[in-house]
Amino acid sequence: MQLWPETFDSLRPEALAAAHAAYAALAVAPGDPADPPGDPFENLQGARAGASSLFRYRSSRAVDRSIAGVPCRVIAAPGSPAAVYLHIHGGGMCLASPELNDDENELLNGLGFTVVSVDYRLAPEHPYPAAINDSVAVARWLVDCAGDEFGTDVLLIGGESSGAYLAAMVLLEIRDDGHGVSPFRA
């Protein structure tokens, strides 16, 4: 059984080369002779663009919209969803975007989940705690509005890498809001 499209296999060498280049750029100390020339912020922007180009799959059903003033990517389940999954992407809070997870999020959507993926503000342009604040704002909106907007109050949350960290921070913030029992079930 094949778990991913054949096009993913053709991207592996390109993805590995891009990852090695990004790690090499991050491992260099400022002022080191191997330090990449130019402005570090411009270099980061270039790394972001290069990483995004590696993932060519885009969901035709995803809709980009603002939720609680935060850009999000929503893949709505047809009919009545089993749950709303709040997805928070990885990328060290300085790289990546929700579009990079369209393939995984469509798999969840195929299981009957509506997926809301947060396009939180990235560092260094938006330092800590911007990513947490954006993710919490969307989570609070879902707690209050998911039933009316998406047809279910069942909420799930998750992410990969730094997205998992942000998901944990969201759960702590929601807990501290005084809701008592978390409205997120998993």
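This text goes with the structure placed above it.
Residues numbered from 1 in each chain as written. Predicted model: local features only at pLDDT ≥ 70, side-chain atom pairs only at ≥ 80, totals over all residues. Heavy atoms only, no water.

**Q** I'd like a rundown of the sheet that holds strand 3 (residues 83-88), residues and numbers included.
**A** Ordered by their spatial adjacency, five strands build an open sheet running 1-2-4-3-5, and the pairing between neighbours is mixed. Each of the sheet's edge strands pairs with one partner strand only, and the pair in question is strand 1 (63-67) and strand 5 (155-159). Going from strand to strand, the sheet's axes swing by 30 degrees on average, the running direction of each strand aside. By the bridge criterion, four bridges tie strand 2 (residues 70-75) to strand 4 (residues 113-118) in an arrangement that is antiparallel. Within strand 4, the residue paired with Arg73 across the bridge is Ser117. Packed onto the sheet, helix 3 (residues 102-110) meets strand 2, strand 3 and strand 4 and runs at close to 155 degrees relative to strand 4. Lying over the sheet, helix 4 (residues 130-150) contacts strand 1, strand 2, strand 3, strand 4 and strand 5, oriented at roughly 165 degrees with respect to strand 3. (Pairing = 2+ DSSP bridges. Helix = DSSP H or I, 4+ residues; strand = E, 2+ residues; numbered from the N terminus. Axes fitted to C-alpha atoms, helices over the stretch in contact; angles between N-to-C directions. Contact = heavy atoms within 4.5 Å.)

**Q** Just give me the short version of the pattern of salt bridges, but keep the residues and values in it.
**A** For the structure shown, the criterion picks out eight salt bridges. As a salt-bridge pair, Asp102 and Arg73 come within 2.8 Å of each other at their nearest N and O atoms. Of this pair, Asp102 sits in helix 3 while Arg73 sits in strand 2, placing them 29 residues apart in sequence. As far as burial versus exposure is concerned, Asp102 and Arg73 are alike and both buried. (Salt bridge = Lys/Arg side-chain N within 4 Å of Asp/Glu carboxyl O. Buried < 20%, exposed > 50% of the residue type's maximum accessible area, 1.4 Å probe, protein only.)

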